[in-house]
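Each chain is listed here by its residues.
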Amino acid sequence: MSRRTTLKYAFAGIVAIALTLGVGWWRVDGPGAPEQTGLRPVALSEMEFRLSDHEGNDVGPETLIGRPTMVFFGFTYCPDVCPTTLSDISGWLDDLGEEAEEMNVVFITVDPARDTVEAMAEYVSYFHPLVRGWTGLEEEIARAAQGFRARYERVPTEGGDYTMNHTASVFLFDAEGRFTTMIDYHEPGEFAVPKIRRALNKET
Amino acid sequence: MTVVYGLMAALMFASSAAMPAIAGSEDVVVEDAWARASIGVNRPGAAYMTIRNTGDEAVTLTGIRTDLAMMPDIHQTSTNAEGVSSMAPAGEIEIAPGEAVWLEPGGLHAMLMRLQRPMAEGENFSMTLDFSDGGEITVEVPILGIAARGPEG
Ligand SMILES: [Cu+2]
């Protein structure tokens, strides 16, 4: 092999390595990086979205600041996860009794096409009276979900209907609007209730 | 506690269809059946129960039927590492001898799509479970409130 050929190969090798590194960077840290998951929600004071509660009041993240807050994303056409979580939440609120009365409890729909203000009003009426239902324009729901780092996706089902995959964790914030922790889907009450207590009692 | 024995249930609630010959599935017992009430008929309903194989042969649940819903199916809910929940048809479910499968919130559920009438709290509906040996079991499912968390309410 001539010296020139060796150099050529060496150069090709360097180019290949550089390309690999470049592609690696593009995929991991660069514009091709997958959307980060498992991130904490930002503080409520840093979120921006406008929605309507189930009584038609204009609401946004600032509505929640001043009291400890519990937020859950779901949709009323959800047969299993959402009624289960809302009844878990209702049970935790019952356990906390008077302690929880100072709390904001919000169920935000990820399916505003079907979950109108009226649909939300009827749905939340079956759960603990503290639970508020929020809906609104699709873009505003998307902005809310982004702030909470919640994910959702519309999935077609048999027979032309659709369902929604969505983050099923319950997010907790202190009275200042700072994220404290989250309760995983179907987490037993003996873990969930102390977590809520911590959000309630956090010094502000 | 509601314990509905397959044979008894079939005799009590079976439609006009004659009972097929049954082998393994005659030893299947369904316990603690319950469902949530629905709001109207547009939203899918969900029912839960424990299906226990008390015999010494494996049985395979192949499907469910009910006149309450045009498209009933067993679904599996799962939650991934990022906390995102989704559900998908569970397919056929084999139950080993002496074992049981639990249809319960967050796991398996009988998904009742295309409701033919609203599911009203306090009422019952019948649901038939079909097994691969040709056997079937019909159970009466009590409808509890929307916020019910288990067979006790
Ligand atoms: Cu389902």
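Cut-offs and rules
As a convention, each chain's residues are numbered from 1 in the sequence order in which they are written. A letter from A marks each chain and a number from 1 marks each ligand, given out in the order of writing. The predicted nature of this model means local features are confined to residues of pLDDT at least 70 and side-chain atom pairs, given and counted, to a pLDDT of 80 or more, with totals for whole chains, interfaces and linings taken over all residues. Side-chain measures were taken over the full set of non-hydrogen atoms in the model, leaving aside hydrogen atoms and water. Every helix listed is a DSSP run of H or I at least four residues long, and every strand listed is a run of E at least two residues long, numbered separately from the N terminus. Each residue is assigned to one of three classes by its accessible area relative to the maximum for its type, calculated with a 1.4 Å probe on protein chains only: buried under 20%, partly exposed between the two thresholds, exposed over 50%. The contact criterion used throughout is that any non-hydrogen atoms of two residues lie within 4.5 Å. Only the protein chains shown count as covering a residue, and every accessible area follows the Shrake-Rupley method with a 1.4 Å probe. Counted as donors are N, O and S atoms no farther than 2.8 Å from the metal, or 3.2 Å for Na, K and Ca; water is not among the atoms, and sites may therefore look incomplete. Sites are called tetrahedral only when four donors show all angles between 85 and 135 degrees, square planar or octahedral only when four or six donors show opposite pairs over 155 degrees and all other angles between 65 and 115, and irregular in any remaining case. Cysteine sulfur pairs qualify as disulfides if the two atoms are within 2.5 Å. Every case where a carboxyl oxygen of Asp or Glu lies within 4 Å of a side-chain nitrogen of Lys or Arg is listed as a salt bridge.

A. A look at the overall build of chain A. Broken down by element type, chain A carries five helices and nine strands. When its helices and strands are written in sequence order, chain A yields α-β-β-β-α-β-α-β-α-β-β-β-β-α. With 204 residues in all, chain A has 49% of them scored as buried. Restricting the contact set of chain A to residue pairs at least 6 apart, pairs at least 24 apart contribute 67%. Just so you have it, chain A exposes about 10600 Å², and 53% of that area is on carbon and sulfur atoms.

B. Geometry of unusual backbone geometry. Unlike most non-glycine residues, Asp32 of chain B shows phi in positive territory, near 55°. Among the structural elements, Asp32 of chain B can be located in strand S2 (residues 28-36).

C. Broad picture of the coordination of the copper ion. All names here are of chain B. Here the copper ion is held by the protein donor atoms His75 (ND1), Met87 (SD), His109 (NE2) and Met111 (SD), which lie 2.1 to 2.4 Å from it. Geometry at the copper ion is tetrahedral, judged from the four donor atoms that bind it and their angles of 101 to 120° at the metal. On the primary sequence, the residues serving as donors to the copper ion are separated as H-x11-M-x21-H-x1-M. Here His109 lies in strand S9 (residues 108-115) and His75 lies in strand S5 (residues 69-79), a separation of 34 residues in the sequence. Assigned by exposure class, His75 and His109 land together as buried.

D. Highlighting the state of the cysteines. Residue and element names in this part refer to chain A. In the structure shown here, the tally under the stated rule is one disulfide over all chains. Between the sulfur atoms of Cys78 and its disulfide partner Cys82 the distance amounts to 2.4 Å. Since a negative S-S torsion denotes a left-handed disulfide, the Cys78-Cys82 link at about 90° is right-handed. Each of the two residues, Cys78 as well as Cys82, counts as buried.

E. Expanded view of the pattern of salt bridges. Residue and element names in this part refer to chain A. Within the structure shown, the criterion is met by 15 salt bridges over all chains. In this structure, Arg50 engages Glu62 in a salt bridge whose closest nitrogen and oxygen atoms are separated by 3.0 Å. With a gap of twelve residues between them, Arg50 in the loop between helix H1 (3-28) and strand S1 (51-53) and Glu62 in the loop between strand S2 (58-59) and strand S3 (69-74) connect regions that are remote in the sequence. Through salt bridges with shared partners, a single ionic network connects Glu48, Glu140 and Arg143.

Everything listed here is a matter of geometry and, on its own, says nothing about what the molecule does.
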